[in-house]
Structure formats: C-alpha cells, structure tokens
Amino acid sequence: MDPRRAFVFLAVTLTAGLTLWGIAWPPAFSGFVLLAPIIFVGVADMRQTTHAIRRNFPVIGHGRYLLEAIRPEINQYFVESNTDGTPFSRELRSLVYQRAKNVTDTVPFGTERDVYAVGYEWINHSMLARTPTDHSPRISIGGRYCERPYSASLLNISAMSFGALSHAAVRALNRGAKLGNFAHNTGEGGLSPYHAEGGGDLIWQLGTGYFGARDAEGNFDPEAFSDKARLENVKMIELKISQGAKPGHGGILPAGKLTAEIAQIRGVPLGKDVLSPPGHRAFSTPRELLLFIEELRRLSGRKPVGFKLCVGKPSELFAIAKAMLETGITPDFITVDGAEGGTGAAPLEFSNVVGTPLREGLVLVHNTLTGIGMRDQVRILAAGRVITGFDVAHRLALGADAVYSARGMMFALGCIQARRCNSNDCPTGIATQNPALIKGLSVTDKASRVANFHRNTLHAFAEILAAAGLEHPEDLRPWHVQRRLNATDVRSLADVYHFVEPGAFLENDIPEQFRSAWHAARPDSFERVEPARPTPYVRLAVVN
C-alpha cells in the first residue's frame, strides 16, 4: 500500500477506534494525547513541499533525519576501527587524551598499522642509540633586525581565535602555555583579554581583517597595533597571509557565534557573519609585504615578526624571495600551514582541494630560503596535523625549526571530534559561545592537561631522537625518515623530495619543476611574468 494511503487509513482507523473506546470507557480519551501529535505531524508532512521523503513517508520519514543526525556518533563509537577514523583516528585521539591526563600511553601486543601499506613512514633507529637528555629543547627566533628575539619551544599552540573558541578554552590554552613554557598563537580574531589572563607567551596573529588593530573602515591602524604589540606577554607577531584549511578565502566566524563581546574586540557589527577579506589592504606587492613586515617590527618594539601562509603558486613565494634579496629585509620566521589544516568553518572545496599540503609546502619554503642563501636568517614553523613525537620529528626532518599544533591541543582540552565547530553547539564547550555548554569546561583542569600533552609529546620526541642516535633536533635530516612507495620500494625523504644546496638559486641551479616559476617571479609584483630569457639573479646591497 502507498505509505501516504497507509498513514491516512491508520489515522482514521485509530481515531475512530479510540473514540469508540472512549465512549465506552472515558479514560481512554487520554490516548489522544499521544495520537493527536502523531497525526498532526503526519498531516504536516503530507502538506509540506520541501522534503520529498517526509511527503512520501509521513511520520516515519523523520527517522531518516534522526539517523542522519546521529550518524557521526554511530560511526565514531561503533563502526570505525582504532586506525581508520578521520580526520584523526581513535588511536591518535586516545594518545592525546592519555598524555593530557598523564596516564599510561603505551600500547600492548604490537602495532595496528599496516607497515607494508603504501605511504607508511618510519624513522630508522641507530645501533648507537642515546639516552635522552633534553626533553624541552628550544630555538631562538629573531633575525638581524630584531632586537628582542624569542626563545621558543619546539611545540606550540597553533592559531585559534577567541570567537572560534570559547573564552574558557582560550583561558585554558593560555594557562597551559604558561605552565609548560611554550607559546600560544591568538589566531586572527584579535588579542582578547582572555589571551592575556593566564600570563602565557603570546604570538599575536594579524590577519586580513586586522582585528584589534583596525580603524572604522577596516584598514590597518598603526597606533592601535603598537599599543597591543608592545605588551610584555606578546613575544612575536605573525602576519597571516593565508591558512591551510581555506587558503585564499579569509576567515569565517558564523553570526551565531558572534557575541557583543567578540564584536567589540574585533571592531565589527553584530548580527552578520564575520568574513575576513581574502587578501591584505596594507600591501599588494612582495616588496610592500616586506616593508610592512619591517613597519610591524618597528611598531612592536623590534620583536620578531614573520608571516604565515599555505603555499599556493610557487612563483609568488619566489617573488617574495627575490624581494628579500633586493631589499635586504627578511621576516624573522615563516609559518607554513598545510592544506590538511583544520578550522572552525570553511567551504568544503577549500578544505578539500585548495592549497598545497604541508609536506610539499614545507619543502618548497625550505628549499627557497636555502636556495637564496638565507635559510640561516629565517626560522620555519610548520602547522598541520601534529599530534605525536614522530610528527614533530618528521616536520623537522623536512626543514622546519619548530611546529604548531591546533587540533592536538583541542583534544587535550577534551575535544571529542564531534565536528560541530561551525554550529555553536560543541558538546565540550570548546568551539562554542553557548554559556550553558561553556560551563562544562573547567579552565584549571584543562590547563594542566594542555601542559601535560605538550610535555609528554616532547618527551616522546626526545626519545625518538635519541633512538636515532641524534643529540639535537637540528641534527634531523630528510634521510632519517623512510617512506614505503610500494610493496618492495622504500626510500628516504631525501630521495622522495629534491633538496637544493645553499645559494643554488643564485647560480640558476633550480629544480626543473620550479625553473619557469622562478624566472617568472618579480620582486615588485605577485603576478607571474614570463621572461624573454632567464638571467642570473644577483644579490644587491643590504638596506636597513
């Protein structure tokens, strides 16, 4: 029978039957308390024109939407194995929880990974393995134009804004950074009071919206920037050009998560999605970018200033490199964000198919700085899926000096990967502005868990480093990490990727796949300009 006809038949039959029963026994009329709403829903389903399932299957059609709503939870708790969950497997999530709680993080009975699968990676140990000595290594960030270099941990909290995260989450992260002596990136949403409350070291990220340092028209405000940048706990400035999860798009804060407090901090109107522009207004050429970086350095009291990007067109990165050669101005650091990076809200296409993944982007930035002879002047920070000690070692082997972790830190806060960051109903109170949900997040408890995760992850990294027979993080090289290419072919990352010699680009010794992009790059434009013929590039005098 047609489901619509069946519903009408049952509704009429049950109504008539209950009525007759009620006449014989009046208490039976109470059954309409249950029956009437069901009939009302069914009639509404048949009359509406938006959903074909509900229209064709009155009442029972709602089951489809119920199952769809709980599908992520069913999949996470009952379907996925320890190793196949995405974006992060249960194995990795559990590892963070264990290290954050400072409980046993060892595993029994051997690995669950398929070590013969294509893409499997490992680091080779040494017969001269060492005993770990330094479980909290640090690096100095600050070039020749910086007067206040920062001693940074190898593992730091990646950019997450107040607004995307709750005030409790921001406070817990910053207190954790203070406890563990590492840095906390503010994200592009501005420098809020909650970032400063815990006293942890801050990396203030300045995005295309210039939140916290903008005038009424949304332009960069030097005075407002300088007032905040000179605060004692602001240790570095990171100029965000693009982010891995949605490169070329600009940040998104849904209107549902925009409170009056956040609007005041960012300097934006209430009631609308906060959309950062896709590009900057303060500069439009590679040379102007470097001049802007120098201005930020001056306004901040000559603290370290760098920029963050997800690598896109190689010619644009090469244009910045040529501008560095021409002007003599260098950033103190470059943060490379991978396209696999996470975010609170992004269009699906931008998350899935726009931007360069971290490994390829990191190698290109490392090669570019090495090729122009400036690798020793600019630090590289890497961001994108850093969870384990091996992740840290892997990124350093490919050329990074230090790393960021965002979602790892969220797991330490208690994130369960519900993937509701853009809906304002995060069940753990982390990625929401709902006061009722935020109450569930204990700042004191979660701060200690963030610090524990940081400490235990670096401890695991130190043990891996020592097992490889290495003494210092800077001793890691691409050939230390192996990758399986097929069932019988295994190569080191030094053979998988091409690494250039110092100064190679200045001698026109450029990898073939990037040769045309290098020759098409110009220091005065991000546009690709094809030259009549390639010419050697000559370093000019350094300009202060």
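For the structure itself, look to the data block above.
In this section: the overall build of the protein chain. In terms of helices and strands, the protein chain carries 19 helices and 15 strands. Along the longest, intermediate and shortest principal axes, the C-alpha atoms of the protein chain span 105 × 60 × 50 Å. The proportion of buried residues among the 544 residues of the protein chain is 50%. For the protein chain, the proportion of contacts with a sequence separation of at least 24, taken over those separated by at least 6, is 69%. Total accessible area computed for the protein chain in this model is approximately 25,200 Å², and 56% of it derives from carbon and sulfur atoms. In the protein chain, the 58 positive side-chain charges and the 53 negative ones have mean positions that sit 5 Å from each other.

As a further point, take the environment of Gly 389. Summarising the element assignment, Gly 389 is placed in helix α14 (residues 389-397). Sequence spacing of Gly 389 and Ile 241 is 148 residues, and the spatial spacing of their C-alpha atoms is 28 Å. Beyond its immediate sequence surroundings of up to four residues, Gly 389 is in contact with Arg 99, Thr 457, Ala 460, Phe 461 and Ile 464.

The next thing to look at is the packing of aromatic side chains. Evaluation of the coordinates by the stated rule reveals 15 aromatic pairs. The interplanar angle of 85° and the centroid separation of 5.4 Å between the aromatic rings of Phe 88 and Phe 411 together place this pair among those described as edge-to-face. Placement of the pair is Phe 88 in the loop between α4 (62-79) and α5 (90-101) and Phe 411 in helix α15 (residues 407-413), with a sequence separation of 323 residues. Judged on exposure class, the residue Phe 88 and its partner Phe 411 are both buried. Sitting over the face of the ring of Trp 518, Lys 322 holds its NZ or CZ atom 4.6 Å from the ring centroid. The ring of Phe 88 carries Arg 385 above its face, with NZ or CZ at 4.3 Å from the centroid.

All right, on to the pattern of salt bridges then. Taken as a whole and judged by the stated rule, the model has 25 salt bridges. A salt bridge links Arg 130 to Glu 471, with the shortest nitrogen-to-oxygen separation between them at 3.9 Å. In this pair, Arg 130 is assigned in the loop between β1 (121-123) and β2 (138-141) and Glu 471 in the loop between α17 (443-467) and β14 (481-484), connecting sequence segments 341 residues apart. For Glu 471, a relative accessible area of 44% corresponds to the partly exposed category. We note a salt bridge from Lys 308 to Asp 337, for which the minimum N-O separation is 3.6 Å. Of this pair, Lys 308 sits in strand β10 (residues 305-309) while Asp 337 is found in strand β11 (residues 333-337), placing the two residues 29 residues apart along the sequence.

Before going further, it helps to examine the pairing of strand β6 (residues 201-206). Sheet faces and side chains relate simply in a regular strand, where the side chains alternate between the two faces. Burial analysis of β6 places 6 of its 6 residues in the buried class, the great majority of the element. Covered by surrounding structure in β6 are Asp 201, Ile 203 and Gln 205 together with Leu 202, Trp 204 and Leu 206, the residues of both alternating faces. Where strand β5 (residues 183-185) and β6 come together, 3 bridges link them in parallel fashion. By the bridge assignment for β6, His 184 is matched with Leu 202. Note: β6 against strand β7 (residues 234-240), 5 bridges, orientation parallel.

This part is about the packing of α5 against α17. Between α5 and α17, the least distance of the axes is 7 Å, while the angle of their chain directions is 110°. Between α5 and α17, the angle is such that the two are roughly perpendicular. On α17, the residues touching Val 96, Arg 99, Ala 100 and Lys 101 of α5 are Ser 448, Arg 449, Asn 452, Phe 453, Asn 456, Thr 457 and Ala 460. A per-class count over the contact of α5 with α17 returns 4 nonpolar, 4 polar and 3 charged.

Turning our attention to the sheet that holds β1. Read from one edge to the other, the open sheet built from 3 strands follows the order β1-β14-β15, with strand pairing classed as antiparallel. Where the open sheet ends on each side, the last strands, each with one partner, are β1 and β15 (490-492). Adjacent strand axes in the sheet meet at a mean angle of 30° when their direction is disregarded. Sheet topology note: the β1/β14 ladder contains 3 bridges and is antiparallel. Across the sheet, the residue bridging to Trp 122 is Gln 482, located in β14.

That bond from Thr 86 to Pro 87 is cis: its omega, -5°, falls within 30 degrees of zero. Assignment of secondary structure puts Pro 87 in the loop between α4 and α5. At Asn 181, a position not held by glycine, the phi torsion is positive, near 60°. With respect to the helices and strands, the residue Asn 181 is situated in the loop between α6 (167-180) and β5. When its relative accessible area of 41% is taken as the criterion, Asn 181 is described as partly exposed. With phi around 60°, Arg 419 is a residue other than glycine that occupies positive phi space. By the secondary structure assignment, Arg 419 is in the loop between α15 and α16 (435-438).

Cut-offs and rules
- Residues numbered from 1 in each chain as written.
- Predicted model: local features only at pLDDT ≥ 70, side-chain atom pairs only at ≥ 80, totals over all residues.
- Heavy atoms only, no water.
- Helix = DSSP H or I, 4+ residues; strand = E, 2+ residues; numbered from the N terminus.
- Buried < 20%, exposed > 50% of the residue type's maximum accessible area, 1.4 Å probe, protein only.
- Contact = heavy atoms within 4.5 Å.
- Areas by Shrake-Rupley, 256 points an atom, 1.4 Å probe, with all protein chains shown as cover.
- Lys, Arg positive; Asp, Glu negative; His and termini not counted.
- Charge placed at Lys NZ, Arg CZ, Asp CG, Glu CD.
- Phe/Tyr/Trp six-rings, centres within 6.5 Å; stacked < 30°, edge-to-face > 60°.
- Lys NZ or Arg CZ within 6 Å of the ring centre and 35° of its normal.
- Salt bridge = Lys/Arg side-chain N within 4 Å of Asp/Glu carboxyl O.
- Pairing = 2+ DSSP bridges.
- Axes fitted to C-alpha atoms, helices over the stretch in contact; angles between N-to-C directions.
- Parallel < 35°, antiparallel > 145°, perpendicular 65-115°, else oblique.
- Nonpolar A, V, L, I, M, F, W, Y, C, P; charged D, E, K, R; others polar.

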